[in-house]
Amino acid sequence: MIEKFYSFNESLESETRIQDISNGIVRFLRDNKISTWEEMDNNEFTRNVINKIIDKSAKTFKEVGEIKFLMKLELYNIKELKGLLKPFLEIEDYRKCKKIKDRIDILQSNLD
């Protein structure tokens, strides 16, 4: 029972840490006038800085994927998010699908 608690607690700490890393990177990008994934990807210096931050911060390859996923949620436009939704529907990752759908709804409500 205690082992399950520690495992659950570590999972929560990991999720919080990953969210904090992603938020920090997005804040850094916006402070440097980069507001889309494409702008970040096209700027080699910025891309290298972000990759180094992720490499130093993530403990596993799975965490790298989660950080990038959360960054995409913040930096993708509606069309890109809809494209991101398809692969997660195919693998039935409904948790990520919900996050994507919620972000699309927020972006669409900002357009109204």
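What counts as what
Once a new chain begins, its residue numbering starts again from 1 and follows that chain's sequence as written. With the structure being a predicted model, the display of local features is reserved for residues of pLDDT at least 70 and the display and counting of side-chain atom pairs for 80 or more, all residues being used for whole-chain, interface and lining totals. Side-chain metrics in this entry use all non-hydrogen atoms of the structure; hydrogen atoms and water are not considered. Secondary structure elements follow DSSP: runs of H or I of four or more residues count as helices, runs of E of two or more count as strands, with numbering from the N terminus. Working definition: a ring pair exists when centres of Phe, Tyr or Trp rings (six-membered ring for Trp) sit within 6.5 Å. Plane angles under 30 degrees give stacked, over 60 give edge-to-face, the rest tilted. Type-normalised accessible area, obtained with a 1.4 Å probe on protein chains alone, sets the label of each residue: buried when under 20%, exposed when over 50%, and partly exposed for intermediate values. By definition, being over a ring means that NZ of Lys or CZ of Arg is both within 6 Å of the ring centre and within 35 degrees of the ring normal. pLDDT is a per-residue confidence score from the predictor, ranging from 0 to 100. By definition, residues are in contact when any of their heavy atoms lie within 4.5 Å. Geometry is summarised by axes, namely lines fitted to C-alpha atoms with helices restricted to the contacting stretch, and by angles between N-to-C directions that run from 0 to 180 degrees. Each helix crossing is assigned a hand: it is left-handed if the near helix lies turned anticlockwise from the far helix by less than a right angle, otherwise right-handed if that turn is clockwise. Each residue is assigned to one of three groups, with Ala, Val, Leu, Ile, Met, Phe, Trp, Tyr, Cys and Pro labelled nonpolar, Asp, Glu, Lys and Arg labelled charged, and all others, Gly among them, labelled polar.

Student: Residues and numbers for the environment of Gly24, please.
Tutor: The topology assignment puts Gly24 in helix 1 (residues 2-31). Each C-alpha atom of the pair Gly24 and Met71 lies 9.8 Å from the other, and the pair is 47 residues apart in sequence.

Student: Got a sec to walk through the packing of aromatic side chains? Specific residues and values, please.
Tutor: Counted under the stated rule, the structure contains two aromatic pairs. Both rings, one in Trp37 and one in Tyr76, keep their centres 6.0 Å apart while their planes meet at 90°; by these two values the pair is edge-to-face. Taken together, the residues Trp37 in helix 2 (residues 37-42) and Tyr76 in the loop between helix 4 (61-75) and helix 5 (78-90) connect sequence positions 39 residues apart. The same class applies to Trp37 and to Tyr76, which are both buried. Lys72 extends its terminal NZ or CZ atom over the ring of Trp37, reaching a point 5.4 Å from the ring centre. The ring of Phe69 has Lys96 lying over it, and the distance from NZ or CZ to the ring centre is 4.9 Å.

Student: How would you explain the confidence of the model for the protein if you had to name every residue and give the values?
Tutor: Model confidence for the protein is summarised by a mean pLDDT of 90, while 89% of its residues fall at 70 or above. Element-level mean pLDDT values for the protein span from 78 in helix 1 up to 96 in helix 4.

Student: Give me the side chain of Glu63: which residues, what numbers.
Tutor: Positionally, Glu63 belongs in helix 4. We classify Glu63 as buried; its relative accessible area is 8%. Not counting residues up to four positions away in its chain, the partners in contact with Glu63 are Ser14, Arg17, Ile18, Ser57 and Ala58.

Student: Help me get a handle on the packing of helix 4 against helix 5, residues and values and all.
Tutor: At a minimum axis separation of 9 Å, helix 4 and helix 5 run at an interaxial angle of 145°. For the pair helix 4 and helix 5, the crossing hand works out as left-handed. Contacts between helix 4 and helix 5 involve Phe69, Lys72, Leu73 and Leu75 from the former and Glu80, Leu81, Leu84 and Phe88 from the latter. Tallied by class, the residues present in the contact of helix 4 with helix 5 amount to six nonpolar, no polar and two charged.

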